[in-house]
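A look at the structure
Below, each chain spelled out in residue letters.
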Amino acid sequence: MKTARAQLWGTVVIWVSIIYGSVYVARPICDFLMKKNSLTILVNSILLFSLAGLGIIIIQKIRIRKPSSYMLLGLVCLSYLFGFKILTIPAEKIHFFEYGVLAFLIFRAVSFDWPPLKAYAAAVFLTTLLGWGDEGLQAITPGRYYQFQDVMLNSVSGGLGLLLTFVAQREQKQGCGF
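Presented here is a report on the structure given in the accompanying data block. By convention here, each chain's residues receive numbers from 1 onward along its written sequence. Selection of residues for local features in this predicted model requires a pLDDT of at least 70, selection of side-chain atom pairs for listing and counting requires 80 or more, and totals for whole chains, interfaces and linings are taken over all residues. Only heavy atoms go into the side-chain values, all of them from the structure, while hydrogens and water stay out.

**Thoughts on the overall build of the protein**
When helices and strands are counted, the protein shows six helices and zero strands. Runs of E in the DSSP output that reach at least two residues are strands. Runs of H or I that reach at least four are helices, and both are numbered from the N terminus. Each helix (α) and strand (β) of the protein, taken in turn from the N terminus, gives the series α-α-α-α-α-α. We compute the radius of gyration over the C-alpha atoms and compare it with the globule rule, which gives 2.2 Å times the number of residues raised to the power 0.38. Taking 178 residues into account, the globule formula puts the C-alpha radius of gyration at 16 Å, and the protein, at 17 Å, falls close to it. The principal-axis extent of the C-alpha atoms belonging to the protein is close to 50 × 35 × 25 Å. By definition, residues are in contact when any of their heavy atoms lie within 4.5 Å. Counted over contacts in the protein with a minimum sequence separation of 6, partners at least 24 positions apart contribute 74%. Of the roughly 10,500 Å² that the protein leaves accessible, carbon and sulfur atoms contribute 72%. Here, Shrake-Rupley sampling with a 1.4 Å probe gives the accessible areas, and only protein chains in the shown set may cover a residue.

Right, here's the structure in full:
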C-alpha cells in the first residue's frame, strides 16, 4: 500500500518537476523553433497526436454504455479543440494539455486515501494551486511574465482532465474495466 501511494505521488512530483523545470528553458527553445517557423506545427501535431492517443486508449479500455458519457467525452474533446484553436501562443496550448494530465495524476494519488468527491475537490484545488505556483515562478524568471489568465487556463484544463477521469471511473463502475 505504501509503495503504491509513493508511486502515485512520485508520478505527480515528476510531472510537476517537468512543468516547473521547463519554465526557464522553454522560452529559448520556443524562440529558436519560432525562427525556424516550426513551433506552431510541432506543438499542434504533438497535441493532436496526444489527444488521438488518449481517445484510442479510452475506446480500447472502456466500453462506454451511457449516452451521457458520450456527451461528456464529446464536450471534453470539443473544449480541448476549441482551446487549441483560440490559444495562439504555443506554450499556452502545451499548458492547456499538461494541466489536464496533472489533475488526473493528482486525482489518482489523492483517491488512494479519500473518497471520490473529496478526491475531485482536492485535485481541482491542488491543480489550481500548482498552476498558480507555475505562474509565480514565471514572474521571477527573466523574459517570462505572470498572467492570472494562465492560472485560470490551467484550472480549466485540470477540470477537463477530471471530467475525462469521471467518465472513465463511472463507466468502470458499470463493469466495463479500465
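**Some words on the packing of helix α3 (residues 67-86) against helix α4 (residues 90-110)**
Every axis corresponds to a line fitted to the C-alpha atoms, with the helix fit spanning only the stretch in contact, and the corresponding angles, defined between N-to-C directions, vary from 0 to 180 degrees. Interhelical geometry of α3 versus α4 gives an angle of 155° and a closest axis separation of 9 Å. It follows from the interaxial angle that α3 and α4 lie roughly antiparallel. The crossing of α3 and α4 is right-handed. Of the residues in α4, those in contact with S79, Y80, G83 and F84 of α3 are K93, F96, F97 and G100. Classes in brief: Ala, Val, Leu, Ile, Met, Phe, Trp, Tyr, Cys and Pro nonpolar; Asp, Glu, Lys and Arg charged; the others, Gly included, polar. Split by residue class, the contact of α3 with α4 holds four nonpolar, three polar and one charged. Roughly parallel covers angles under 35 degrees, roughly antiparallel covers those over 145, roughly perpendicular covers 65 to 115, and oblique covers all other angles. Crossings are classed by handedness, with left-handed meaning an anticlockwise turn of the near helix from the far one by less than a right angle and right-handed meaning a clockwise turn.

**So, a nonpolar patch on the surface**
Patch construction takes residues with relative accessible area above 30% that form no salt bridge. Like charges are linked within 9 Å, and nonpolar side chains (Val, Leu, Ile, Met, Phe, Trp, Tyr) are linked within 5 Å. The rule for a salt bridge is simple: a side-chain nitrogen of Lys or Arg has to be within 4 Å of a carboxyl oxygen of Asp or Glu. A surface patch of nonpolar side chains, amounting to about 640 Å² of accessible area, comprises F125, L129, W132, Y146, F148 and M152. When contributions to the nonpolar patch are tallied by element, the ones reaching two or more residues are α5 (116-139) and α6 (148-176). Considering every element that reaches the nonpolar patch, the biggest residue donor is α5, with three residues. Among the structural elements, L129 can be located in helix α5. Throughout this description, buried means an accessible area under 20% of the type-specific maximum (1.4 Å probe, protein chains only), exposed means over 50%, and partly exposed covers the range between. Given a relative accessible area of 43%, L129 falls into the partly exposed group.

**Quick notes on the nonpolar core**
The nonpolar core is taken to be a set of buried Ala, Val, Leu, Ile, Met, Phe, Trp, Tyr and Cys residues, with the residues joined through side-chain atoms within 4.5 Å. Counting residues in hydrophobic clusters, the biggest one holds 19 residues, and the most contacted among them are I58, L73, Y80, F84 and F96. Elements with a minimum of two residues in this core: α2 (39-61), α3, α4 and α6. Dropping the residues within four chain positions of it, I58 is found in contact with I64, L73 and L164. Judged by nonpolar contacts, the second largest core, of 17 residues, contains V12, V16, A103 and L105.

**A few points about the side chain of N154**
When you line up the elements, N154 lands in helix α6. Its relative accessible area of 1% is what places N154 among the buried residues. Those residues within four positions of N154 in sequence are excluded, and the remaining contacts are H95, Y99, T127 and G131.

By themselves, these observations are geometric and do not establish any function.
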